[in-house]
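Descriptive analysis of the structure
Listed below, chain by chain, are the residues.
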Amino acid sequence: MDAKIGLIPQCGFDSFILSLIIQIFAAAKNQIMKAKTAKESLTIQTEIVLPNDTNVLGNLMGGRLLHWMDVCSAVAAHRHCGRVVVTASVNNVSFNQPIRLGDIVTIQAKVSRSFTSSMEVFMEVWVERNATGDKIKCNEAIYTFVAVDQQGSPIAVPELIAESEEEKKRFDGALRRKQLALILAGKMKPADATELKALFF
Ligand SMILES: CC(C)(COP(=O)(O)OP(=O)(O)OC[C@H]1O[C@@H](n2cnc3c(N)ncnc32)[C@H](O)[C@@H]1OP(=O)(O)O)[C@@H](O)C(=O)NCCC(=O)NCCS
């Protein structure tokens, strides 16, 4: 009699705890993997070009700009997935205008698309001329990051929601760029790059 009375409430309590744990895990997973908009990852970094950043002509060294862009885009990728990220590839960087000593450089980075564990980040580099105050867009760059766990193995990232026309255009082109990067890295056979092939055939 005692055992029966004790068993029924205990079963109810156990299943209540179990369902609570399942709900907490489901909520945590949803929270971690909740799709995010591109603008949630927006990262803006501003630097002033100092003597130590320049070459013998007094222009910003390309490597310094690449480093600033790497940091800025890594923060954007981290804001998207909330995990440790590593740079997987750097694409499409061109230096169109010299950036001079004293100029103010502003880098804007946003995730343009996420895949399973990788994220493409688009950047715009703006320069404010020290001498005139004119603001010009100097270049665009695209970096790819991969979210990794403590062992350095790739882990899943949330989906990206593209909202503006520009974000949708970048989102649509990202798979082609990913396939091209993988072919160049020797990680994909050109025959398997269906999205890229569709451009030509
Ligand atoms: C990036 C890294 C984690 C990928 O690991 P991996 O074992 O090759 O993993 P996978 O082949 O499963 O690829 C994982 C993801 O990375 C992407 N990836 C791998 N190499 C890539 C490249 N060269 N360009 C773009 N994306 C790439 C894959 O497409 C895949 O994306 P997905 O999961 O969204 O589909 C691994 O190569 C690494 O740790 N590299 C060193 C990173 C580093 O130190 N960066 C700083 C350089 S100084």
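Computed from a prediction, not measured in an experiment: that's the story for all the values here. (Residues numbered from 1 in each chain as written. Predicted model: local features only at pLDDT ≥ 70, side-chain atom pairs only at ≥ 80, totals over all residues.)

What follows covers the confidence of the model for the chain. Of the residues in the chain, 91% reach a pLDDT of 70 or more, and the chain-wide mean stands at 90. Low confidence marks residues 1-8, where pLDDT is under 50. Its contacts with residues over four positions away, or in another chain, come to zero contacts. (pLDDT = per-residue confidence, 0-100. Contact = placed C-beta atoms within 7 Å.)

On to helix 3 (residues 165-184). Taking 1.5 Å per residue, 20 residues should reach 28 Å; helix 3 reaches 29 Å between its end C-alpha atoms and fits that length. The largest bend in helix 3 comes to about 35°, at Ala-174. Those residues of helix 3 lying buried are Glu-167, Arg-170, Phe-171, Ala-174, Arg-177, Lys-178, Ala-181 and Leu-182. Residues of helix 3 that are buried in the fold lie against strand 3 (84-91), strand 4 (104-114), strand 5 (118-128), strand 6 (135-148) and strand 7 (160-161). (Helix = DSSP H or I, 4+ residues; strand = E, 2+ residues; numbered from the N terminus. Expected span 1.5 Å × (residues − 1). Bend = angle between axes of the 7 residues up to and from the residue. Buried ≥ 20, exposed ≤ 12 C-beta atoms within 10 Å, placed from the backbone.)

Turning our eyes to something else, we now look at the nonpolar core. Core analysis: the biggest nonpolar cluster contains 33 residues, and Ala-77, Val-121, Met-123 and Phe-145 have the highest contact counts within it. Sorting the residues of this core by element identifies helix 2 (62-81), strand 3, strand 4, strand 5, strand 6 and helix 3 as the ones contributing at least two each. For this core, the leading source of residues is strand 6, giving seven residues. What Phe-145 contacts, discounting residues up to four positions off in sequence, is Ala-74, Ala-77, Val-85, Val-86, Thr-87, Ala-88, Ser-118, Met-119 and Val-121. (Core = buried A, V, L, I, M, F, W, Y, C linked by C-beta atoms within 7 Å.)

A word on the site of the ligand. Around the ligand there are 18 residues in total, and Ser-89, Phe-115, Thr-116, Ser-117 and Ser-118 lie nearest to it. Within the residue set of the shell around the ligand, elements represented by two or more residues are strand 3, strand 6 and helix 3. Looking at the shell around the ligand element by element, the count peaks at four residues for strand 3. (Near = placed C-beta within 6 Å.)

Next up on the list: helix 2. For helix 2, spanning 20 residues, the distance from its first C-alpha to its last is 28 Å, which sits close to the expected 28 Å at 1.5 Å a residue. By the burial criterion, the buried members of helix 2 are Leu-65, Met-69, Cys-72, Ser-73, Ala-76, Ala-77, His-80 and Cys-81. The buried residues of helix 2 occupy an angular sector of 160° when projected down its axis, which confines them to one face. Exposed side of helix 2, more than 90 degrees from the buried face: Gly-63 and His-67 are the residues found there. Positive phi appears at Gly-82, one or two residues downstream of helix 2, with a value of about 70°. (Arc of directions from axis to C-beta.)

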